[in-house]
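The chain contents come next:
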Amino acid sequence: MNRYLKAALPFGLYGGGLCFLGYLTIYLLDIEPISMNLIIGYLVTPIFVFFGVKSFRDNFNGGNLYFGQGMTVGFFTYTIIAMISALYIFGSIQLDEELFTTFRQINLELMSANKTVLEENLNEAAYEETYANISKMSIFDVALNDFLRKIFPGLFFTIIISIILKRNVEF
C-alpha cells in the first residue's frame, strides 16, 4: 500500500464511521437522516482531511509537504469518507424504503412551497424539469448525490488545507 493511502486510510475510515454514527443517531431520533447527513459531512470532512494531511506530513514524509502530496492524501481521505457514506445511505434505504419516500416527498414539498421563487430565478420549464427529475429519482441517485456532495466540498477543503500545511524542511 503506498504511503499516501496508508496515511489517509485511518482518517477516511474514522471520518466515514463518524458520519455513520451521526446518521444513525439522527435516524434513531426520528429525524429525516439523509438531508442531515450532508451537514454532518460538511463538518466531518475538513477535520479528517486536515488530520490526514498533517499525519502524512509529520509521520510519513519527514515534516515535508508539497501541495501535490497534500492534495493526494486529501483526495484519498475525502473519497473514502464519501464512499462509506454513499454505501450506508444506499444500504439503509434498501432496508427501510420509507426513508427514500420521505426524502423524496420532503424535496417535492420544498419545490412546491418555493415554486414562485424558483420560477422567477430560473424559468417555468426548468422548474418543471427539476420537479419531474425529483419525482423519478432512484435510490442510486440519492446515494450518488450524497457521494458527490462530499467529494466537491472535500476537494475545496483539501486545496485550502494543502496550502496551509505546505512545508519544506531545509537540511
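Residues numbered from 1 in each chain as written. Predicted model: local features only at pLDDT ≥ 70, side-chain atom pairs only at ≥ 80, totals over all residues. Heavy atoms only, no water.

### A short note on the overall build of the protein chain
Rule in force here: The secondary structure listing takes helices from DSSP runs of H or I that are at least 4 residues long and strands from runs of E that are at least 2 residues long, numbered from the N terminus. Exposure categories follow from relative accessible area, calculated using a 1.4 Å probe and restricted to protein chains: below 20% of the type maximum is buried, above 50% is exposed, and the middle band is partly exposed. Two residues qualify as a contact provided that any one of their heavy atoms is within 4.5 Å of a heavy atom in the partner residue. The accessible surface values rely on the Shrake-Rupley method and a 1.4 Å probe; as for residues, cover is taken only from the protein chains in view. The charge count treats Lys and Arg as positive and Asp and Glu as negative. His and the chain ends do not count. Charged side chains are reduced to one point each, which is NZ for Lys, CZ for Arg, CG for Asp and CD for Glu.
The helix and strand tally for the protein chain stands at seven helices and zero strands. Listed N to C, the secondary structure of the protein chain is α-α-α-α-α-α-α in terms of helices and strands. Across the 171 residues of the protein chain, 40% fall into the buried class. Put simply, 79% of the contacts in the protein chain that link residues at least 6 apart link residues at least 24 apart. Per element, the accessible surface of the protein chain, about 9,600 Å² overall, is 67% carbon and sulfur. Here the protein chain carries 11 positive and 15 negative side-chain charges, and the mean point of each set is 18 Å from the other.

### Here we look at the environment of asparagine 168
Structurally, asparagine 168 is set in the segment after helix H7 (139-165). In sequence terms asparagine 168 and threonine 158 are 10 residues apart; their C-alpha atoms lie 18 Å from each other. The residues touching asparagine 168, leaving out its near neighbours within four places in the chain, are Asn64, Leu65 and Tyr66.

### Observations concerning the side chain of asparagine 37
Residue position: asparagine 37 is located in helix H2 (residues 33-60). Exposure remark for asparagine 37: the relative accessible area of 0% places this residue in the buried category. Setting aside anything within four residues of it in sequence, one finds asparagine 37 in contact with Cys19, Tyr23, Ser85, Tyr88, Ile89, Asp146 and Lys150.

### A few points about the pattern of salt bridges
What counts is decided by this rule: By definition here, a salt bridge exists when the distance from a side-chain nitrogen of Lys or Arg to a carboxyl oxygen of Asp or Glu is within 4 Å.
A complete count under the given rule lists three salt bridges for this structure. In this structure, the salt-bridge partner of aspartate 58 is lysine 54, at a minimum N-O distance of 2.7 Å. Within this pair, aspartate 58 and its partner lysine 54 are both found in helix H2, separated by four residues, close to a single helical turn. Here lysine 150 and aspartate 146 are joined by a salt bridge, their closest N and O atoms 3.0 Å apart. Separated by four residues within a single helix, lysine 150 and aspartate 146 lie in helix H7, roughly one turn from each other.

### Regarding the packing of helix H3 (residues 67-95) against H7
How we decide: Axis lines are fitted through C-alpha atoms, for helices just across the contact stretch, and the angle between N-to-C directions can take any value from 0 to 180 degrees. Geometric relationships in this document are graded by angle, where less than 35 degrees denotes roughly parallel, more than 145 denotes roughly antiparallel, 65 to 115 denotes roughly perpendicular, and other angles denote oblique. Crossing handedness is read from the near helix: turned anticlockwise from the far helix by less than a right angle, it gives a left-handed crossing, and turned clockwise, a right-handed one.
Orientation of H3 relative to H7, taken along the N-to-C sense of each, is 160°, at an axis distance of 8 Å. When the axes of H3 and H7 are compared, the pair comes out roughly antiparallel. Considering how the two elements wind past one another, H3 and H7 form a crossing that is right-handed.

### Regarding the environment of isoleucine 161
Here isoleucine 161 shows up in helix H7. On the basis of relative accessibility, which here comes to 8%, the residue isoleucine 161 falls in the buried class. Isoleucine 161 sits 140 residues away from leucine 21 along the chain, and the two C-alpha atoms are 25 Å apart. Excluding its chain neighbours within four sequence positions, the residues that come into contact with isoleucine 161 are Pro46, Val49, Phe50 and Val53.

### Overview of H7
As a reminder of what qualifies: Every helix has an expected span of 1.5 Å times one less than the residues it contains.
The first and last C-alpha atoms of H7 sit 38 Å apart over 27 residues, in line with the 39 Å expected at 1.5 Å per residue. All of the buried residues along H7 are Ile139, Val142, Ala143, Asp146, Lys150, Ile151, Pro153, Gly154, Thr158, Ile161, Ser162 and Leu165. In this structure, the buried residues of H7 make contact with helix H1 (3-28), H2, H3 and helix H4 (97-113).

### Thoughts on the nonpolar core
Soluble globular proteins: nonpolar side chains tend toward being buried together. Spelled out, the test is: We call a set of buried residues a nonpolar core when its members are Ala, Val, Leu, Ile, Met, Phe, Trp, Tyr or Cys and they connect through side-chain atoms within 4.5 Å of each other.
In this structure, Ile34, Ile89, Ile93 and Val142 are the most contacted members of the largest nonpolar core, which totals 22 residues. Counting only elements with at least two residues in this core, the list comes to H1, H2, H3, H4, helix H6 (124-135) and H7. Per-element accounting of this core gives the leading share, five residues, to H4. Contact partners of valine 142, with chain neighbours within four places excluded, come to Ile34, Ile89, Ile93, Phe100, Phe103 and Met137. Membership of the second largest hydrophobic core comes to 12 residues, among which are Ala7, Ala8, Tyr78 and Ile151.

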